[in-house]
Amino acid sequence: MTRPAILFCGLLLAAFAQAQNAHKEMPGHGAMHEEKQSHEAVGTVTKVDPGKARATISHGAVQTLKWPPMTMTFAVRDKALLEKLQPGRKIDFQFVRQGKDYVITGVK
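Residues numbered from 1 in each chain as written. Predicted model: local features only at pLDDT ≥ 70, side-chain atom pairs only at ≥ 80, totals over all residues. Heavy atoms only, no water.

K.L.:
Explanation requested: the environment of arginine 89 in the structure shown.
P.N.:
With respect to the element layout, arginine 89 can be found in the loop between α3 (79-84) and β4 (90-98). Taking the relative accessible area as the measure of exposure, arginine 89 reaches 31% and is therefore partly exposed. Between the C-alpha atom of arginine 89 and that of isoleucine 57, which follows or precedes it by 32 residues, the distance is 9.6 Å. The residues touching arginine 89, leaving out its near neighbours within four places in the chain, are Gly43, Thr44, Val45, Lys84 and Lys108. (Helix = DSSP H or I, 4+ residues; strand = E, 2+ residues; numbered from the N terminus. Buried < 20%, exposed > 50% of the residue type's maximum accessible area, 1.4 Å probe, protein only. Contact = heavy atoms within 4.5 Å.)

K.L.:
How do you make sense of the nonpolar core when you look at a structure like this?
P.N.:
Soluble globular proteins tend to pack their nonpolar side chains together in the buried interior. Ranked by internal contacts, the top residues of the largest apolar core, which has 19 residues, are Phe74, Leu85, Phe93, Phe95 and Ile104. Among the secondary structure elements, those contributing two or more residues to this core are β1 (39-49), β2 (54-59), β3 (70-75), α3, β4 and β5 (101-107). Not counting residues within four places of it along the chain, the set of residues in contact with phenylalanine 74 comprises Ala53, Arg54, Ala55, Ile57, His59, Phe93, Phe95, Tyr102 and Ile104. (Core = buried A, V, L, I, M, F, W, Y, C linked by side-chain atoms within 4.5 Å.)

K.L.:
In this structure, what is going on with the pattern of salt bridges? I would like to understand it.
P.N.:
When the charged atoms of two side chains lie near each other, side chains of opposite charge can form a pair. Counted according to the given criterion, the structure contains two salt bridges. A salt bridge links arginine 54 to aspartate 101, with the nearest nitrogen and oxygen atoms 3.2 Å apart. With a gap of 47 residues between them, arginine 54 in strand β2 and aspartate 101 in strand β5 connect regions that are remote in the sequence. Judged by relative accessible area, aspartate 101 falls into the partly exposed class, the value being 23%. The salt bridge partner of arginine 77 is aspartate 101, with a shortest N-O separation of 3.2 Å. (Salt bridge = Lys/Arg side-chain N within 4 Å of Asp/Glu carboxyl O.)

K.L.:
How should the confidence of the model for the protein chain be read in this particular structure?
P.N.:
In regions of low pLDDT, the predicted coordinates are not meant to be interpreted in detail. Chain-level pLDDT for the protein chain is 82 on average; 69% of the residues reach the 70-or-more range. Scored below 50 in pLDDT, residues 22-31 makes eight contacts in the model with residues more than four places away or belonging to other chains. (pLDDT = per-residue confidence, 0-100.)

K.L.:
Even after reading the chapter, I still don't get the pairing of β2, so can you show me in this structure?
P.N.:
Sheet faces and side chains relate simply in a regular strand, where the side chains alternate between the two faces. As paired strands, β1 and β2 are joined by six bridges and run antiparallel to one another. Residue pairing in the sheet places threonine 44 in a bridge with serine 58 of β2. Judged from the six bridges that link them, β2 and β3 form a sheet pairing that is antiparallel. Residue pairing in the sheet places isoleucine 57 in a bridge with methionine 72 of β3. (Pairing = 2+ DSSP bridges.)

K.L.:
When you look at the side chain of histidine 59 in this model, what are you seeing that I'm missing?
P.N.:
Relative to the helices and strands, histidine 59 resides in strand β2. With residues up to four places along the chain from it excluded, the contact list for histidine 59 reads Ala41, Val42, Gly43, Trp67, Pro68, Pro69, Met70, Met72, Phe74 and Phe93.

K.L.:
It is not clear to me how the pairing of β4 should be interpreted in this structure. Could you clarify?
P.N.:
Judged from the six bridges that link them, β1 and β4 form a sheet pairing that is antiparallel. Bridge assignment links glutamate 40 to a residue of β4, and that residue is glutamine 94. Alignment of β4 against β5, held across six bridges, turns out to be antiparallel. The residue bridging arginine 97 from the neighbouring strand is tyrosine 102, located in β5. Connecting β4 to the antiparallel partner β5 that follows it, the hairpin turn spans two residues, and glycine 99 within it adopts a positive phi of roughly 65 degrees.

What follows is the structure, given as structure tokens:
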């Protein structure tokens with residue numbers, strides 16, 4: 001391999017590594033950033049599955065994640081919170097991302 005080809009490959013690899021790091025630091029990207037940030041929403045409980053510790057909620061927009069209103073299922077790891085979730089109940093709730101799940105951490 002010629003010296004210019006080696007130099008080009010090195011620059012290409014450095015640019016790729018820098019792009020990967022920039023992507024992780026963007027708001028809303030990277031698991032570490034999302035797992036630390038708490039989000040708030042207002043919604044109506046549509047379904048509760050106590051056996052799987054999950055609740056489906058039709059919620060309004062979530063500004064911190066730039067989400068539009070939608071219906072989605074959240075994990076509920078605290079049994080005391082699970083008991084507060086009844087289908088048809090309107091709630092204010094807080095949640096965080098943990099791994100692949102969005103987990104409810106508080107309910108008002």
